[in-house]
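Next come the chains, spelled out residue by residue.
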Amino acid sequence: MSIFHRYSSTIHGNYRKAYLRCGAITGALLFAYILVRYLMGNAVGSPLSYVSDAILLVALFLFTAYYRNALPEKKVTLKELMLFGIGLSAVAAVLYGLLLWAFETAVPAQTVLFTETTANQTTSLQDPQLGYWAAWWAIMAAVEALLLGSFGAFLAAILFRTEKSDIKHKQQ
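Since this is a predicted model, take the numbers as computed values, not measurements.

K.L.:
Help me out: how do you make sense of empty space enclosed by the protein in this one?
P.N.:
A water-sized probe rolled over the atoms picks out the places where empty space is left. This model, assessed by the stated rule, comprises one cavity of 30 Å³ or more. As a volume, the largest cavity reaches approximately 50 Å³. Lining the largest cavity are L30, P47, L48, S52, D53, L56, Y96, A141, E144 and A145. At the level of elements, α2 (50-70) and α5 (130-160) are the ones that each hand at least two residues to the lining of the largest cavity.

K.L.:
Help me understand the nonpolar core in this model?
P.N.:
Most often, soluble globular proteins keep nonpolar side chains buried together rather than apart. With 19 residues, the main nonpolar core has F63, Y67, L81, F84 and L88 as its most contacted residues. Only α1 (15-39), α2, α3 (78-106) and α5 provide two or more residues apiece to this core. Ignoring any residue separated from it by four or fewer positions in sequence, one finds F84 in contact with Y15, A18, Y19, C22, F63, T64 and Y67.

K.L.:
Help me understand the pattern of salt bridges, please; the structure alone is not making it clear to me.
P.N.:
Tallied over the entire structure, the rule returns one salt bridge. With a closest N to O distance of 3.5 Å, E73 and K75 form a salt bridge. On the basis of relative accessible area, E73 is assigned to the exposed category, the value being 67%. Accessibility expressed as a relative area gives 35% for K75, which makes it partly exposed.

Basis of the calculations
- Residues numbered from 1 in each chain as written.
- Predicted model: local features only at pLDDT ≥ 70, side-chain atom pairs only at ≥ 80, totals over all residues.
- Heavy atoms only, no water.
- 1 Å grid on protein atoms, 1.4 Å probe; cavity = no way out; pocket = protein on both sides within 12 Å on 5 of 7 lines; lining within 4 Å.
- Points joined across faces, edges and corners; volume = space filled by probe spheres on them.
- Helix = DSSP H or I, 4+ residues; strand = E, 2+ residues; numbered from the N terminus.
- Core = buried A, V, L, I, M, F, W, Y, C linked by side-chain atoms within 4.5 Å.
- Buried < 20%, exposed > 50% of the residue type's maximum accessible area, 1.4 Å probe, protein only.
- Contact = heavy atoms within 4.5 Å.
- Salt bridge = Lys/Arg side-chain N within 4 Å of Asp/Glu carboxyl O.

Shown next as structure tokens:
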């Protein structure tokens, strides 16, 4: 497995602490969009939308740039930014899924709306399987946020890296 050990990279900052903070903020922003739309009387028809995707990607790029600029001498490698971005996406996805699940459990009308618009199935507020639908939409939104965020992390890492890792050459 020498292909995976052909380079050495230096981690310049505490990316774990940073992605926990930034991921929590991003997950809260994703949920805030759902909550604000509901409180305005214009509830979102699907937990997956272009607006929530844009919120995730913009937050990811901004936090990645902020993380890079907070490091000494702004030195950062692709590996470190990938770890930061994927961690941010994972934290944001889990938090968004949990908050969405709690919201749908507290407000069953939102679950009914998601089910009717996204799955094209008619359901009512008295449906005994409404709790399962709430969990399903939360899981689906979290997985989509994780996948899109991981792809965005790759793009952000390529865009914002400032140094390349040294490649180890075999000596015989």
